[in-house]
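# Observations on the model geometry
The lines below spell out each chain.
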Amino acid sequence: MSFSYQIKSYNEYKEAYKKSVEDPEGFWADVAQNFYWRRKWDTVLKWNFKEPRVEWFAGGKLNITENCLDRHLEKLGDKPAIIWESNDPEEKPRVITYTRLHKRVCQFAQVLRNNGVKKGDRVCIYMGMIPELAYAVLACARIGAIHSVIFGGFSAQSIADRLEDAQAEFIITCDGAHRGAKEIPLKSVIDDALIGNKVVKRVIVYTRTRTPVSMLKGRDVWWEDEMRIVSEGLDVPQGINFGEVEIMDAEDPLFILYTSGSTGKPKGVVHTSGGYMVWTNYTFINVFQYQPGQIHFCTADIGWITGHSYILYGPLSAGATSLMFEGIPTWPDAGRFWDIIDKYKVNILYTAPTAIRSLMGFGLDPLKGKDLSSLKVLGTVGEPINEEAWHWYDEHIGKKKCPIVDTWWQTETGGTLISNLAGITPAKPSWATLPMPGVQPILVDESGKEVTEKDDQGMLKGNLCIKAPWPSILRTTYGDHERCRTNYFATYPDLYFTGDGALKNEEGFYRITGRVDDVLNVSGHRIGTAEVENAINMHAGVVESAVVGYPHDIKGQGIYAYVIFSGRHVDPELTKKDILATVTRIIGAIAKPDKIQFVSGLPKTRSGKIMRRILRKIAEGEISNLGDISTLLDPGVVDEIKNGKI
Ligand code: WT7
């Protein structure tokens, strides 16, 4: 496969960008015709941001898995689609060719059909990073079921909330998952999530860890048994053809992925098939400058959008080899990524700044004797990268020979919106740089006016919005379209608001400065402060709490919680542990506060609003310059909080 739409020079980028803005329909029709459509679209784009309503390739019919699998079989059938590396370095790797992947996906699609899954049904997937997770996701897509993958670190309560919101009737899980030295009892967490649930009809369980699990009669079935029925041709209901794909409208939902916002409850971001396919493919090929035959290693978990777009759909739709890793970067030691790169001769490494910072902390020893010369392109995603980490990545991993792409995007954007193109457009440490073709960023002030006034360094600074839709913009938030409108399209009329702040320099490069809403980015994971507060407040002794972020050397941001506690308080350290246990139970360990400070009151305005600005400054250690506190109901509480800072 060669890609006619791969941008080959800075000039070509400029031309493509210009055309994408002047004639978006012509531009995207040219790209989209490189895919396999069962029926061509009637219109390329219809949209308004008021409702909002966005339709790409309306009238077009396709199945994304035919684009990720079937169309490659003839030429790339024997080529690895997925190379899987176990958590355990001693365990044999698994190499899944396109032919094999196609077969497994078709078989599991049939399993889903046998179990009553139909087009449009929601299927929740809660598995570790094993090839069967990829089969499960793609099998859903093959039959038009809407997958909703939940990261293995979320608690039973979080799963229960998501199941309820999605009204999911089906779950695919494992007995357990390996992550470093830990074993996560996935099925047991699912069992807890299902207490009282009346909607889920079927749970399919794959055996990974051989942890004992309870299998409920009539509800739970083993993956292996179900696959045997299909592969041995036993008992397949009549009239259903093996491997037959569901032909989807371009705008039919492909998946739901839950993500945190500034309110208490996570939102189910909905992506559809046509636009999402085109965008993940286009950005994969252009940002990483993917060359046929290369091995791409994205270290994200498929429980997050990065894994959806750049382990599965982007690379597979391009016929690439995607390396899937079950474990963690620091187990059994901090050289694990480098071992994997050496072992498989990885060409593209895509990881998070938090991982780079954490590995930097181990010094250069873990790199000794590791041959990283296969690397051609490096990428980062998920949070701003500090210059120190950028230079370490450049020097010690890329050996100053690999372009680094800093890709800015979000769950809601489906794929990368702002990034340099590897080796094609200029890189600038800690800058995401230029928008992809089709992406029209604009910086606005609080009132929504475009920022035009430059600071002394010639920079514009404002809230980052996007003026027009790109193919993989979210279409709705599941079950609540109004929530989608108010969250993303109502802050500034006729603009998509990202929730991020940004700078723009004289070259037109963007630098993302971080969230401007009450959303934290902890180790590249999105966590809403309101969500953490709700969880803390569930603890019986807690009266009220306020959560803010503070700079953290490795995680990027840490979680700082101010808690008013009225319960029995024999030992504050024990109470803290109880609160952490509560957060772990309600959300998951990823949301545990790094610091908890007990306070007798919170700084509030006369109207009762918590002044988070003050709490943030104290958590950041900026104690001397708190700004105006005269509007507070009880300014005295600020001194107490300052004195008790941890
Ligand atoms: C938020 C989105 C993108 C997939 C993984 C995270 C932050 C993301 C960058 C970057 C600076 C970044 C933003 C964004 N972010 N990439 N390259 N530079 N910040 O997806 O969980 O939806 O989080 O991550 O703040 O809004 P997500």
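For the structure itself, consult the block above.
Residues numbered from 1 in each chain as written. Predicted model: local features only at pLDDT ≥ 70, side-chain atom pairs only at ≥ 80, totals over all residues. Heavy atoms only, no water.

## Let's talk about helix H7 (residues 156-166)
Those residues of H7 that sit buried are Ala156, Ser158, Ile159, Arg162, Leu163 and Ala166. Down the axis of H7, the smallest arc covering the buried residues is 160 degrees, so these residues share one side. Summarising the contacts, the buried residues of H7 are in contact with strand S6 (122-126), strand S8 (170-174), helix H8 (186-193), strand S14 (253-259) and helix H17 (572-586). Immediately beyond the C-terminal end of H7, within one or two residues, lies Gln167, with a positive phi of roughly 50 degrees. (Buried < 20%, exposed > 50% of the residue type's maximum accessible area, 1.4 Å probe, protein only. Helix = DSSP H or I, 4+ residues; strand = E, 2+ residues; numbered from the N terminus. Arc of directions from axis to C-beta. Contact = heavy atoms within 4.5 Å.)

## Things to note about the side chain of Glu531
Along the chain, Glu531 turns up in helix H16 (residues 529-537). Arg162 provides the closest opposite charge to the buried, unpaired Glu531, separated from it by 5.0 Å. When near neighbours in sequence (up to four residues on either side) are disregarded, Glu531 contacts Ser260, Gly264, Pro266 and Ile587. (Lys, Arg positive; Asp, Glu negative; His and termini not counted. Salt bridge = Lys/Arg side-chain N within 4 Å of Asp/Glu carboxyl O.)

## Considering the environment of Ala32
Take Ala32: it is sitting in helix H2 (residues 24-32). With relative accessibility at 0%, the residue Ala32 sits in the buried group. A C-alpha to C-alpha distance of 28 Å links Ala32 and Phe108, two positions 76 residues apart in sequence. In this structure, Ala32 is in contact with Trp37, Trp41, Phe57 and Val278, ignoring residues within four places of it in sequence.

## Structural notes on the pattern of salt bridges
Here the structure, examined in full by the defined rule, presents 42 salt bridges. The shortest N-O distance in the salt bridge between Arg53 and Glu55 comes to 2.9 Å. Given a relative accessible area of 35%, Arg53 falls into the partly exposed group. Ionic pairing is found between Lys555 and Asp594, a salt bridge with its closest N-O pair at 2.5 Å. With Lys555 in the loop between strand S28 (542-552) and strand S29 (556-565) and Asp594 in the loop between H17 and strand S30 (595-598), this residue pair connects regions lying 39 residues apart in the sequence. Look at the salt bridges and you will find they share partners, linking Lys46, Glu51, Arg53 and Glu55 into a network.

## Digging into the sheet that holds strand S24 (residues 496-504)
Read across the open sheet, the four strands follow the order S21-S22-S24-S25; overall the sheet is antiparallel. Either end of the sheet is taken by a strand with one partner, and the two such strands are strand S21 (441-444) and strand S25 (510-515). Between one strand and the next, the sheet's axes are offset by a mean angle of 45 degrees, whatever the strand orientation. Relative to strand S22 (residues 460-466), S21 is paired through four bridges, and the arrangement is antiparallel. Its bridge partner lying in S22, Ile442 is registered against Cys465. (Pairing = 2+ DSSP bridges. Axes fitted to C-alpha atoms, helices over the stretch in contact; angles between N-to-C directions.)

## Here we look at the sheet that holds strand S17 (residues 321-325)
Overall, mixed pairing links the seven strands, which are arranged S5-S4-S17-S16-S18-S19-S20 in an open sheet. The outermost strands of the open sheet, each flanked by one partner alone, are strand S5 (94-97) and strand S20 (404-407). Averaged over all pairs of adjacent strands, the angle between strand axes in this sheet comes to 20 degrees, irrespective of strand direction. Pairing between strand S4 (residues 80-85) and S17: four bridges, direction parallel. When the bridges of S17 are listed, Glu85 appears paired with Phe325. Strand contacts of helix H6 (residues 131-143): S4, S5 and S17, with the helix running at about 25 degrees to S5, the strand carrying the most contacts. On the sheet, helix H12 (residues 336-344) packs against S4, strand S16 (295-298), S17 and strand S18 (348-351) and is oriented at approximately 140 degrees with respect to S4.

## Quick word on the site of the ligand
Lining the immediate surroundings of the ligand are 17 residues, of which Asp406, Thr407, Thr411, Asp500 and Arg526 lie closest. Contact distances for the ligand include 2.7 Å between a nitrogen atom and a side-chain N or O atom of Asp406. A distance of 2.9 Å separates an oxygen atom of the ligand from a polar atom in the side chain of Gln410. In isolation the ligand has 550 Å² of accessible area, and contact with the protein removes 96% of it. (Near = heavy atom within 4 Å. Polar contact = N/O pair within 3.5 Å; in protein donor to acceptor, adjacent residues only side chain to side chain. Areas by Shrake-Rupley, 256 points an atom, 1.4 Å probe, with all protein chains shown as cover.)

## Comments concerning the packing of helix H5 (residues 98-114) against H6
In contact at an axis separation of 8 Å, H5 and H6 are set at 65 degrees when each is read in the N-to-C sense. On the basis of their axis angle, the class for H5 and H6 is roughly perpendicular. Here the hand of the crossing between H5 and H6 comes out right-handed. In contact with Leu101, His102, Arg104, Val105, Cys106, Phe108, Ala109, Leu112 and Arg113 of H5, H6 contributes Tyr135, Ala136, Leu138, Ala139, Cys140, Arg142 and Ile143. Residues that form the contact of H5 with H6 fall into these classes: 12 nonpolar, one polar and three charged. (Parallel < 35°, antiparallel > 145°, perpendicular 65-115°, else oblique. Left-handed = near helix turned anticlockwise from the far one by under 90°. Nonpolar A, V, L, I, M, F, W, Y, C, P; charged D, E, K, R; others polar.)

## Points about the pairing of strand S26 (residues 519-522)
The side-chain alternation of S26 yields two buried faces, one formed by Val519 and Asn521 and the other by Leu520 and Val522. Judged from the four bridges that link them, S26 and strand S27 (residues 525-528) form a sheet pairing that is antiparallel. Across the sheet, residue Leu520 finds its bridge partner in S27, namely Ile527.

## So, the packing of helix H1 (residues 10-22) against H2
Two elements in contact, H1 and H2, have axes whose closest approach is 5 Å; the angle formed by their N-to-C orientations is 120 degrees. The orientation of H1 relative to H2 falls into the category oblique. Side by side, H1 and H2 meet where Ala16, Lys19, Ser20, Val21 and Glu22 of the first sit next to Pro24, Gly26, Phe27 and Asp30 of the second. Looking at the contact of H1 with H2, its residues break down into four nonpolar, two polar and three charged.

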